[in-house]
Amino acid sequence: MNRNWSGFSKKNPQERLHILKENNLVSEDIWKILQENSGLPLSTADQMVENLIGTFSLPYSLAPNFLIDGMDYTLPLVTEEPSVVAAASFAAKIIKRSGGFLTTVHKREMIGQVALYHVKDISLAKEKVLSNKELLLYLANQAYPSIVKRGGGARELWIEEKAGFLICYLSVDTKEAMGANMLNTMLEALTYKLEELTDGKSLMAILSNYASNSLVTSQCHIDFRYLSRHKEEADKLALKIELASQLAQADPYRAATHNKGIFNGIDALVIATGNDWRAIEAGCHAYACKDGAYRGLSLWKADFNKRILHGQLTLPMPIATKGGSIGLNPTAQASHELLGNPDAKKLATIIVSLGLAQNFAALKALISTGIQAGHMKLQAKSLALLAGAKEDEMPLLVAALLNDQPFNQEKAQAILTNLRQQKND
């Protein structure tokens, strides 16, 4: 269903909420939660963590126009960084004109490990473990029978020697859950049997956040004409985006910032859906080092014959739609409803597509106007707020700051004082 988002950013929050209701994007109950800004109740939060004294708020925004595998999505984003939502929306609109994102879920399994030490005969221990693989998989599934009933469970087991440790790996289909508790329960259930088989001692049994069996790929093809109306400039921008991609593959200093830009979007959506952004970042940064050097996670290639810019991003994305804080936080539930209540695989494709869009927006800004051009107005708004500008004073103060660069907090305060004096004269 095509929706008209024209002028959405110019409206106030209540007007934007009214558009959600008009377009039936959320149920009446969720709409009330958003309208009343009644997020995580204090009583619920007190059961989630220790030593609670309150809750901490961040802006909750929407990025529309994401066309992913032929479906239109409006993405909820939680972020305090000024340019993220605007950049995501800008990129989504351009990519949508060229056909949107196409995604692939390669597999969805989490990996855990039991690390053994003081194993006297490594070769014999390996042989015994592998000859008892079916028994070990059975024991793992017996430890968490509910996931087996839902069609998931332990899928594969293998063993490797690393730095004197004998490490037994277990791969599990966790269905809609991220699976940390599930994996840890299964792994601990294997510990005694593994010690018996290897004649070694267990150091630890723990899930790995390097979810290399949960890879998701998102791709897009952008027609050069959407980069610029002028053919020569469009060609130049396409080439420079390709070169920027190559730089992120060659230089870890650039790669770190390149990837941080990807996570500007990914983290915002992962947080909005009540998922563990720390686990996602840890796994993806590990994946960035998969060939022994830290590299940019996305790849961009310009085809000058077809005049198409091709972008691709592959990430481990063990995202969840059940468990953790997802069912406890009303705003997280609102996010899932805004997305159409996707399953875990579909949510993973949406998140990776957002990462690719965010990366495109950042690269286009960097190789054309520079990253600061898009930040300046948003930075001026932040300074105006910090200076204490009221709603009717904001446009005047922001305009004055933009006309008097460079600006800082002291300048914002001085201009605001002057504006108020002029008003009173």
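Procedures and definitions
Residues numbered from 1 in each chain as written. Predicted model: local features only at pLDDT ≥ 70, side-chain atom pairs only at ≥ 80, totals over all residues. Heavy atoms only, no water. Helix = DSSP H or I, 4+ residues; strand = E, 2+ residues; numbered from the N terminus. Buried < 20%, exposed > 50% of the residue type's maximum accessible area, 1.4 Å probe, protein only. Contact = heavy atoms within 4.5 Å. Areas by Shrake-Rupley, 256 points an atom, 1.4 Å probe, with all protein chains shown as cover. Lys, Arg positive; Asp, Glu negative; His and termini not counted. Charge placed at Lys NZ, Arg CZ, Asp CG, Glu CD. Pairing = 2+ DSSP bridges. Axes fitted to C-alpha atoms, helices over the stretch in contact; angles between N-to-C directions. Arc of directions from axis to C-beta. Phe/Tyr/Trp six-rings, centres within 6.5 Å; stacked < 30°, edge-to-face > 60°. Patch = residues over 30% accessible without salt bridge, like charges linked within 9 Å, V, L, I, M, F, W, Y side chains within 5 Å. Salt bridge = Lys/Arg side-chain N within 4 Å of Asp/Glu carboxyl O. Polar contact = N/O pair within 3.5 Å; in protein donor to acceptor, adjacent residues only side chain to side chain. Disulfide = S-S within 2.5 Å.

Novice: Help me understand the overall build of the protein chain in this model?
Specialist: When helices and strands are counted, the protein chain shows 16 helices and 10 strands. The principal-axis extents of the C-alpha atoms in the protein chain amount to approximately 90 × 60 × 45 Å. In the protein chain, buried positions account for 46% of the 425 residues. Within the protein chain, contacts between residues at least 6 apart in sequence are counted, and of these 71% link residues at least 24 apart. Surface exposure of the protein chain reaches about 21,600 Å², of which carbon and sulfur atoms provide 52%. Measuring between centres, the 45 positive side-chain charges of the protein chain sit 5 Å from its 43 negative side-chain charges.

Novice: So what exactly am I meant to see when it comes to the sheet that holds strand β7 (residues 201-207) here?
Specialist: Consider a sheet: its strands pair through backbone hydrogen bonds, and that pairing is either parallel or antiparallel. If you walk across this open sheet you meet the 4 strands as β5-β6-β4-β7, and the pairing is antiparallel. Of all the strands in the sheet, just β5 (153-162) and β7 have a single pairing partner and so form its edges. In this sheet, neighbouring strand axes are inclined to one another by 20° on average, regardless of whether the strands run parallel or antiparallel. Where helix α6 (residues 133-143) meets the sheet, its contacts fall on β5 and β6 (165-173), and the angle it forms with β5 comes to roughly 125°. Against the sheet, helix α8 (residues 180-198) makes contact with β4 (110-117), β5, β6 and β7, and its axis sits at roughly 160° relative to β7, the strand it touches most.

Novice: How should helix α2 (residues 28-36) be read in this particular structure?
Specialist: Residue pairs three or four apart in sequence face the same way in an α-helix, which turns once every 3.6 residues. Within the sequence span of α2, burial applies to Ile30, Trp31, Ile33 and Leu34. Taken end-on, α2 shows its buried residues confined to a sector of 155°, consistent with a single buried face. Residues of α2 that are exposed and angled more than 90 degrees away from the buried face: Asp29 and Glu36. Looking at the buried positions of α2, the neighbouring elements they touch are α1 (13-22), β1 (60-68) and α12 (330-338).

Novice: How should the packing of aromatic side chains be read in this particular structure?
Specialist: Two descriptors summarise a pair of aromatic rings, namely the distance from one centre to the other and the angle between the planes of the rings. Counting across every chain of the model gives 5 aromatic pairs. With 5.5 Å between their ring centres and 15° between their planes, tryptophan 158 and tyrosine 169 make a pair best called stacked. Of the two residues, tryptophan 158 sits in strand β5 while tyrosine 169 sits in strand β6, which places them 11 residues apart along the sequence. Given a relative accessible area of 24%, tryptophan 158 falls into the partly exposed group. Residue tyrosine 169 is classed as buried on the basis of its relative accessible area, which comes to 11%. Geometrically, the ring pair formed by phenylalanine 224 and phenylalanine 304 is edge-to-face, given 5.5 Å between the ring centres and 75° between the ring planes. Of the two residues, phenylalanine 224 is situated in the loop between β8 (215-223) and α9 (231-250) and phenylalanine 304 in the loop between β9 (298-303) and β10 (308-316); the sequence distance between them amounts to 80 residues.

Novice: When you look at a nonpolar patch on the surface in this model, what are you seeing that I'm missing?
Specialist: Residues Phe165, Leu203, Met204 and Ile206 make up a contiguous nonpolar surface patch of about 330 Å² in total accessible area. Ranked by the residues each element gives to the nonpolar patch, the list is headed by β7, at 3 residues. Here phenylalanine 165 is to be found in strand β6.

Novice: How should I be thinking about the side chain of serine 298 in this particular structure?
Specialist: Note on placement: serine 298 falls in strand β9. We classify serine 298 as buried; its relative accessible area is 0%. Engagement of the side chain of serine 298 in a polar contact is seen with the side chain of histidine 258, the distance being 2.7 Å. At 2.6 Å, the side chain of serine 298 and the side chain of asparagine 359 are in polar contact. Beyond its immediate chain neighbours, meaning those up to four positions away, serine 298 contacts Ser245, Gln249, His258, Ile262, Gln312, Leu313, Leu356 and Asn359.

Novice: Mind showing me how you'd approach the environment of glutamine 47 here?
Specialist: Turning to its location among the elements, glutamine 47 is positioned in helix α3 (residues 42-48). Expressed as a C-alpha distance, the spacing of glutamine 47 and serine 228, which sit 181 residues apart in the sequence, is 53 Å.

Novice: Help me out: how do you make sense of the state of the cysteines in this one?
Specialist: Working definition of a disulfide: a covalent bond connecting the sulfur atoms of two cysteines. For the structure on display, the rule yields 0 disulfides. Residue cysteine 284 stays outside any disulfide, its sulfur separated by 12 Å from that of cysteine 289, the closest cysteine. Exposure remark for cysteine 289: the relative accessible area of 35% places this residue in the partly exposed category.

Novice: Mind showing me how you'd approach the environment of leucine 157 here?
Specialist: Tracing the sequence through the fold places leucine 157 in strand β5. A sequence separation of 21 residues divides leucine 157 from leucine 136, and the C-alpha atoms of the two residues are 8.1 Å apart. Residues contacting leucine 157, with those up to four places away along its chain left out, are Val129, Lys133, Leu136, Leu137, Cys168, Tyr169, Leu170 and Leu190.

Novice: Explain the pairing of strand β2 (residues 71-78) here, please?
Specialist: Successive side chains on a regular strand alternate, one facing one side of the sheet and the next facing the other. Burial analysis of β2 places 6 of its 8 residues in the buried class, which makes it a mostly covered element. Here 7 bridges tie β1 to β2, and the two strands are oriented antiparallel to one another. Paired with tyrosine 60 across the two strands is valine 78, which belongs to β2. As consecutive antiparallel partners, β1 and β2 are separated by 2 residues, and within that stretch aspartate 69 has a phi angle of approximately 50°, a positive value.

Novice: How should the pattern of salt bridges be read in this particular structure?
Specialist: Between side chains of opposite charge, pairing is possible as soon as their charged atoms come close. This structure, assessed with the given rule, holds 18 salt bridges. A salt bridge links lysine 96 to aspartate 72; the shortest N-O distance between them is 3.1 Å. Of this pair, lysine 96 sits in helix α4 (residues 84-97) while aspartate 72 sits in strand β2, placing them 24 residues apart in sequence. A salt bridge links arginine 307 to aspartate 235; its shortest N-O distance comes to 2.5 Å.

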